[in-house]
Amino acid sequence: MADRPILRRVLLKLSGEAFSDPAVRGGIDPVIVRQVAREIAELTATDGTQVGVVVGGGNIFRGNSPAATGMDRSSADHMGMLATVINALALQDALEKAGVETRVQTAIAMQELAEPYIRRRAVRHLEKGRVVIFAAGLGAPYFTTDTTAAQRALEIGAEAILKGTQVDGVYDRDPKQDAAAKRYDEIDFLSVLNQGLKVMDATAISLCMDNDLPIVVFELLREGNIGRVVRGEDVGTLVRPLAPAPTAG
Ligand code: UDP
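Attention in this report is confined to the structure presented alongside it. All figures in this text were calculated on a predicted structure; none of them were measured in a lab.

Reading guide: rules and limits
- Residues numbered from 1 in each chain as written.
- Predicted model: local features only at pLDDT ≥ 70, side-chain atom pairs only at ≥ 80, totals over all residues.
- Heavy atoms only, no water.
- Core = buried A, V, L, I, M, F, W, Y, C linked by side-chain atoms within 4.5 Å.
- Buried < 20%, exposed > 50% of the residue type's maximum accessible area, 1.4 Å probe, protein only.
- Helix = DSSP H or I, 4+ residues; strand = E, 2+ residues; numbered from the N terminus.
- Contact = heavy atoms within 4.5 Å.
- Pairing = 2+ DSSP bridges.
- Axes fitted to C-alpha atoms, helices over the stretch in contact; angles between N-to-C directions.
- Parallel < 35°, antiparallel > 145°, perpendicular 65-115°, else oblique.
- Left-handed = near helix turned anticlockwise from the far one by under 90°.
- Nonpolar A, V, L, I, M, F, W, Y, C, P; charged D, E, K, R; others polar.
- Near = heavy atom within 4 Å.
- Polar contact = N/O pair within 3.5 Å; in protein donor to acceptor, adjacent residues only side chain to side chain.
- Areas by Shrake-Rupley, 256 points an atom, 1.4 Å probe, with all protein chains shown as cover.

Some thoughts on the nonpolar core
Part 1: Judged by nonpolar contacts, the single largest core of 39 residues is most densely connected at Leu12, Leu14, Ile40, Val53, Leu91, Ile133 and Leu162.
Part 2: Breaking this core down by element, the ones donating at least two residues are strand 1 (9-14), helix 1 (30-47), strand 2 (50-55), helix 2 (73-97), strand 5 (131-135), strand 6 (160-165), strand 10 (215-219) and helix 7 (225-230).
Part 3: The element contributing the most residues to this core is helix 1, with 7 residues.
Part 4: In this structure Leu91 touches Leu14, Phe19, Val33, Val36, Ala37, Val53, Val55 and Ile133, once residues within four positions along its chain are discounted.
Part 5: With 29 residues, the next largest nonpolar core counts Tyr117, Leu126, Ala158 and Phe189 among its residues.

Here's the deal with the pairing of strand 3 (residues 102-106)
Part 1: Among the 5 residues in strand 3, 4 count as buried, and that is most of the element.
Part 2: Bridge count for strand 3 against strand 5 is 5 bridges, and the pairing is parallel. Paired with Thr106 across the strands is Ala135, a residue of strand 5.

Concerning the environment of Ala122
Part 1: Mapped onto the elements of the fold, Ala122 is located in helix 3 (residues 119-127).
Part 2: By relative accessible area, Ala122 is classed as buried at 0%.
Part 3: Contact partners of Ala122, with chain neighbours within four places excluded, come to Gln105, Tyr117, Val132 and Phe134.

What about the packing of helix 4 (residues 145-156) against helix 6 (residues 202-210)?
Part 1: Close contact between helix 4 and helix 6 brings their axes to 7 Å; oriented N to C, the two are set at 20°. As the angle between them shows, helix 4 and helix 6 are arranged roughly parallel. By crossing handedness, the relation of helix 4 to helix 6 is classed as left-handed. Where helix 4 approaches helix 6, its residues Asp146, Thr147, Ala150, Gln151 and Leu154 are matched on the opposing element by Thr203, Ala204, Leu207 and Cys208.
Part 2: Among the residues making up the contact of helix 4 with helix 6, the classes are represented as 5 nonpolar, 3 polar and 1 charged.

Section: the site of the ligand
Part 1: In the vicinity of the ligand lie 21 residues, with Gly16, Arg62, Asp77, Ala140 and Thr145 positioned nearest.
Part 2: One nitrogen or oxygen atom from the main chain of Gly80 is found 3.5 Å from an oxygen atom belonging to the ligand.
Part 3: Separating a nitrogen atom of the ligand from a backbone N or O atom of Phe143 is a distance of 3.2 Å.
Part 4: Its free accessible area being 520 Å², the ligand has 94% of it covered by the protein chains.
Part 5: Of all the secondary-structure elements, those providing two or more residues to the shell around the ligand are helix 2 and helix 4.
Part 6: The element that contributes the greatest number of residues to the shell around the ligand is helix 2, accounting for 3 residues.
Part 7: Classifying every residue of the shell around the ligand by side-chain character gives 7 nonpolar, 11 polar and 3 charged.

Regarding the pairing of strand 6
Part 1: Here strand 6 lies mainly inside the structure; 6 of its 6 residues are buried.
Part 2: Sheet topology places strand 6 next to strand 10; 5 bridges connect them, and they run parallel. Bridging across to strand 10, Leu162 finds its partner in Val216.

Here it is as structure tokens:
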């Protein structure tokens, strides 16, 4: 397996579930948010890594969930986007308590509580060592925060998306259902799409594939894991472009 590079600028994707106790499901667990914040704080302080974060909202509301049955999809998605802002503010608070300067930028203007998303400004914050949390998705319905993560990662020039999950990588089957499921150390984008593996949605994977943006899928709540990924250690699953075909001769 090829050596993984040390990463200097990353986009961390946190699903809404990352904010809640898996045993409870839903809501925000302050202990978990503090743990995630501590890990990010360590990263910026020790490694000097520049960190952008895209937060999901699934712990509160999703536009395609049963709770939205009968609703106009666009309105439901607006609710989902607002849910991500709640998570963003919780994470900002925890990060600042951990001593990290943080800015929240939203794709839907709400200037009383966050900056609007302005790419150049976001990059400037990162250069100054501030963590930037991107909230309210892309500001458009029918998208997900996975696609937002790919889009923002490309815009800020992140070297990879770090997708923190509850399992330790990408498996060929659901490891919770089937103990014989096999974990991939590495896999290419096309295989993820062809095999319908649950990494990120197809729009997000396509965007990463078209722009050669790698994704590392790893277990978020194992202590020190975010740092391991950033230092290029062999953690989780690396989703990457197909290796170039060997040349003849
Ligand atoms: N959403 C949206 N447009 C976006 C991003 C998100 O409409 O660009 C809405 C959508 O309803 C989605 C919800 O926000 O279900 C929460 O985002 P997501 O489901 O991606 O959160 P996660 O699964 O990461 O917790």
